[in-house]
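Next come the chains, spelled out residue by residue.
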Amino acid sequence: MKIKTMLGLLAGSLALCACTVMPAGSAGAGDSAVASAEKLRVAMVDPDQAVLSSLVAEELSYGHSGGKVDTKASFIGDLMAGNSDFVSIDITDQTAKVVGDITIIRHTLVAKTNDRGVAGNVKLHVLQVWQRQGGAWKLVARQAVRPPA
């Protein structure tokens, strides 16, 4: 096989890989889901029931690092009541992988909290699954785990 042919195949393979897993902000179909994930981050710090409801699927399964699993109603209800109160949320190491009408987002979340009036800090690795529903990206699943010590 000629060198040019091999280099062409390698370049094509690398381009295909870059489209499958991309850092947040890269061009591609996942950008809308990444933008929706950012809107969710903002709405978790400054809760707005209408915004949260528009971003979250009816079928939501929202897993916390402590084992609690929320539904759409309990997730939004806890944010609105201050039971889950984020003072700030910083996201790093975010990647997005598009699989058809699904975007899988992974990131590290570092947050300051004030749940039920008790100040705290949290660092978590988070998996979010977004699905395109009726032309909009909706969060259908989320799972957080604490990073290894």
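Predicted, not measured: the structure shown is a model, and the values here were computed from it. (Residues numbered from 1 in each chain as written. Predicted model: local features only at pLDDT ≥ 70, side-chain atom pairs only at ≥ 80, totals over all residues. Heavy atoms only, no water.)

## A look at the packing of aromatic side chains
Right, so step 1: Tallied over the entire structure, the rule returns one aromatic pair.
Right, so step 2: Taken together, a centroid distance of 4.3 Å and an interplanar angle of 25° make the contact between Tyr62 and Phe75 stacked. Separated by 13 residues along the polypeptide, Tyr62 in strand β2 (residues 56-63) and Phe75 in helix α4 (residues 72-81) bring together distant segments of the chain.
Right, so step 3: The exposure class assigned to Tyr62 is buried, which follows from its relative accessible area of 2%. (Phe/Tyr/Trp six-rings, centres within 6.5 Å; stacked < 30°, edge-to-face > 60°. Helix = DSSP H or I, 4+ residues; strand = E, 2+ residues; numbered from the N terminus. Buried < 20%, exposed > 50% of the residue type's maximum accessible area, 1.4 Å probe, protein only.)

## Things to note about the side chain of Lys138
Right, so step 1: Mapping Lys138 onto the fold places it in strand β7 (residues 136-145).
Right, so step 2: For the buried residue Lys138, which engages in no salt bridge, the nearest side chain bearing the opposite charge is Glu58, 6.7 Å off.
Right, so step 3: In this structure the side chain of Lys138 is engaged in a polar contact, spanning 2.8 Å, whose partner is the backbone oxygen of Ser54.
Right, so step 4: Setting aside chain neighbours within four positions, we find Lys138 in contact with Ser53, Ser54, Leu55, Val56, Ala57, Val129, Trp130, Gln131 and Gln133. (Lys, Arg positive; Asp, Glu negative; His and termini not counted. Salt bridge = Lys/Arg side-chain N within 4 Å of Asp/Glu carboxyl O. Polar contact = N/O pair within 3.5 Å; in protein donor to acceptor, adjacent residues only side chain to side chain. Contact = heavy atoms within 4.5 Å.)

## Some details on the environment of Gly120
Right, so step 1: Secondary-structure assignment places Gly120 in strand β6 (residues 118-133).
Right, so step 2: Counting along the chain gives 35 residues from Gly120 to Asp85, while the straight-line C-alpha distance between them is 9.9 Å.
Right, so step 3: Gly120 has contacts with Ala111, Lys112 and Thr113, leaving out every residue within four places of it along the chain.

## Remarks on the pattern of salt bridges
Right, so step 1: Enumeration according to the criterion identifies five salt bridges in this entry.
Right, so step 2: Salt-bridge contacts for Asp78 lead to Lys68; the nearest nitrogen and oxygen are separated by 2.6 Å. With Asp78 in helix α4 and Lys68 in the loop between β2 and β3 (69-70), the pair connects residues that are ten residues apart, well separated along the chain.
Right, so step 3: Owing to a relative accessible area of 15%, Asp78 belongs among the buried residues under this scheme.
Right, so step 4: Its relative accessible area of 42% is what places Lys68 among the partly exposed residues.
Right, so step 5: The closest approach of N and O atoms between Asp101 and Arg132, which form a salt bridge, is 3.3 Å. Residue Asp101 is located in the loop between β4 (86-99) and β5 (102-115), and its partner Arg132 is located in strand β6; the two are separated by 31 residues in the primary sequence.
Right, so step 6: A residue is classified by how much of its surface remains accessible, and Arg132, at 32% relative accessible area, is partly exposed.

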